[in-house]
Amino acid sequence: PRPRFIEETKNLSGSEKGIALHLAMQYICYSKCVTVQGITEELERLYTQEYMTRAQVDAVDPERIYKLFSSPLGKLLLQSNEVRREFKFSILMPADELKLGNTEDKVLVQGVIDCFVDTPDGLVVVDFKSDKVTQRNVYERAGSYKIQLDTYCTALERITGRPILRRVLYFFALDMEINL
């Protein structure tokens, strides 16, 4: 059981709201995300099964998730038989590949990839973003994630032996995908 003080938290910070959205995207049944009602029911299931607190469920806007699944990216997620979520990895990478100087040292890189789709031609890597962005700064913000996404894709390519077809950031604040 959760301690009462966790359940009683009503006002989540911005980062806590982002965590709630990521939890929803991690555990929600994608096939039920074709209607707002289906998403709402899934969020309630996540609360009932104690994946999320009431405050976390209340912080997630089902309409935002619906807009994702109504988009071409969302349709890819719905139609694919091979979607992996929260893919944890650890890999040794040369320091120079990570732009950490010209050295022969290797660096242990660990990460968690939000989602990737395995298509017949290769992988589509998706990183969900809950940042507060505007039309003015979204491309600048997307650029700030380029190194992270490049590192994830390099690691995933080495681990799976499959080529990366697309690298996608999905910004929920604007219901917008950006291909890097």
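It should be noted that the structure appears before, not after, this text.
As the structure is a computational prediction, the values presented were derived from the model and not from experiment. (Residues numbered from 1 in each chain as written. Predicted model: local features only at pLDDT ≥ 70, side-chain atom pairs only at ≥ 80, totals over all residues. Heavy atoms only, no water.)

Draft legend 1. Here's a closer look at the environment of Asp114. Residue placement: Asp114 occurs in strand S2 (residues 106-119). Among the residues examined, Asp114 registers a relative accessible area of 8% and is labelled buried. Not counting the four nearest positions on each side in its chain, Asp114 is found in contact with His22, Arg84, Arg85, Glu86, Val126, Asp127 and Phe128. A polar side-chain atom of Asp114 sits 3.3 Å from a polar atom in the side chain of His22. (Helix = DSSP H or I, 4+ residues; strand = E, 2+ residues; numbered from the N terminus. Buried < 20%, exposed > 50% of the residue type's maximum accessible area, 1.4 Å probe, protein only. Contact = heavy atoms within 4.5 Å. Polar contact = N/O pair within 3.5 Å; in protein donor to acceptor, adjacent residues only side chain to side chain.)

Draft legend 2. Local environment of the nonpolar core. Counting residues in hydrophobic clusters, the biggest one holds 27 residues, and the most contacted among them are Met52, Ile65, Leu68 and Phe128. Contributions of two or more residues to this core are made by helix H2 (14-27), helix H3 (36-48), helix H5 (62-70), helix H6 (72-79), S2, strand S3 (122-129) and strand S4 (164-171). When residues in this core are grouped by element, the largest group, 5 residues, is from H2. Those residues within four positions of Leu68 in sequence are excluded, and the remaining contacts are Met25, Leu73, Gly74, Leu77, Phe128, Tyr170 and Phe172. (Core = buried A, V, L, I, M, F, W, Y, C linked by side-chain atoms within 4.5 Å.)

Draft legend 3. Looking closely at the packing of H3 against H5. Where H3 contacts H5, the two axes come as close as 9 Å, and the packing angle between them is 125°. It follows from the interaxial angle that H3 and H5 lie oblique. H3 and H5 meet at a crossing whose hand is right-handed. Residues Val36, Ile39, Thr40 and Leu43 of H3 form the contact with H5, whose own contacting residues are Pro62, Glu63, Ile65 and Tyr66. When its residues are assigned to classes, the contact of H3 with H5 shows 6 nonpolar, 1 polar and 1 charged. (Axes fitted to C-alpha atoms, helices over the stretch in contact; angles between N-to-C directions. Parallel < 35°, antiparallel > 145°, perpendicular 65-115°, else oblique. Left-handed = near helix turned anticlockwise from the far one by under 90°. Nonpolar A, V, L, I, M, F, W, Y, C, P; charged D, E, K, R; others polar.)

Draft legend 4. A look at H2. Between its first and last C-alpha, H2 extends 20 Å over 14 residues, near the 20 Å set by a 1.5 Å rise per residue. Those residues of H2 that fall on the buried side of the exposure criterion are Gly18, Ala20, Leu21, Leu23, Ala24 and Met25. Those residues of H2 that are buried are in contact with H3, helix H4 (54-59), H5, strand S1 (83-94) and S3. (Expected span 1.5 Å × (residues − 1).)

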